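# Residue-level structure breakdown
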Amino acid sequence: MKFKLLFILCFCASIALTAQTNNEYASIDAKMLQIPDSSTKSTESIARYINSKFSTKHDKVRAIYYWITKNIQYDIKNMYAINLHEDTKGLADKLLKSRKGICIDYAILFDNIAHQAGIKSYVIQG
């Protein structure tokens, strides 16, 4: 129950932060809106695009976050269908095809793209 409440609070906060019209991330967000569809078929190609457009880790993290929040829907229908034994690379590929996922999927996708963009990140389950 605590996890669900924490997720809802974080989700609402992220919506509030991205809803601001005059923010410091506008140029990063605009570049991520221009990513070609052909560059969103794999985590490698998304990371390649991000590395070609941004030089700082801060900008890359925002770019990954923004792309995921704009392109991946929360899969309410399957929110209780968690498979902890699925290969994370396979899960990321599946998520990019379906464009739907649950909490762990968002975390794994972010982690996968971040690593390929040269950023240390960790998925902590629980």
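Located above this text is the structure these notes cover.
Residues numbered from 1 in each chain as written. Predicted model: local features only at pLDDT ≥ 70, side-chain atom pairs only at ≥ 80, totals over all residues. Heavy atoms only, no water.

Time to look at the overall build of the protein. Summing up its helical and strand segments, the protein has six helices and two strands in all. Along the chain direction, N to C, the helices and strands of the protein fall in the order α-α-α-α-β-α-β-α. In the protein, which comprises 126 residues, the share counted as buried stands at 36%. At a minimum sequence separation of 6, the contacts of the protein that also span at least 24 residues come to 63%. Accessible surface for the protein amounts to roughly 8300 Å². Of this, 60% is attributable to carbon and sulfur atoms. (Helix = DSSP H or I, 4+ residues; strand = E, 2+ residues; numbered from the N terminus. Buried < 20%, exposed > 50% of the residue type's maximum accessible area, 1.4 Å probe, protein only. Contact = heavy atoms within 4.5 Å. Areas by Shrake-Rupley, 256 points an atom, 1.4 Å probe, with all protein chains shown as cover.)

Attention now moves to the packing of helix α4 (residues 57-71) against helix α6 (residues 103-116). Direction vectors running N to C along α4 and α6 enclose 140°, while the axes themselves pass 10 Å from each other. The orientation of α4 relative to α6 falls into the category oblique. Along this stretch, α4 crosses α6, giving a crossing that reads as right-handed. Counted together, V61, I64, Y65, W67 and I68 of α4 and Y106, L109, F110, I113 and A114 of α6 form the full contact between these two elements. (Axes fitted to C-alpha atoms, helices over the stretch in contact; angles between N-to-C directions. Parallel < 35°, antiparallel > 145°, perpendicular 65-115°, else oblique. Left-handed = near helix turned anticlockwise from the far one by under 90°.)

Let us look at the nonpolar core. Counting 23 residues, the largest nonpolar core has M32, I50, W67 and L109 as its most contacted members. Every element with two or more residues in this core is listed here: α2 (26-33), α3 (43-53), α4, α5 (88-98) and α6. For this core, the element with the most residues is α4, which contributes five residues. Each residue touching W67, except ones within four places of it in the same chain, is listed here: M32, I35, T40, I46, I72, L96, R99 and L109. (Core = buried A, V, L, I, M, F, W, Y, C linked by side-chain atoms within 4.5 Å.)

One pass over the full model with this rule turns up two salt bridges. A salt bridge links D29 to R62, with the shortest nitrogen-to-oxygen separation between them at 2.8 Å. Within this pair, whereas D29 is found in helix α2, its partner R62 is found in helix α4, the two being separated by 33 residues in sequence. R62 shares its class with D29; the two are buried. Across the salt bridge formed by K41 and D37, the nearest N and O atoms sit 3.2 Å from each other. Residue classification places K41 among the exposed positions, given a relative accessible area of 54%. (Salt bridge = Lys/Arg side-chain N within 4 Å of Asp/Glu carboxyl O.)

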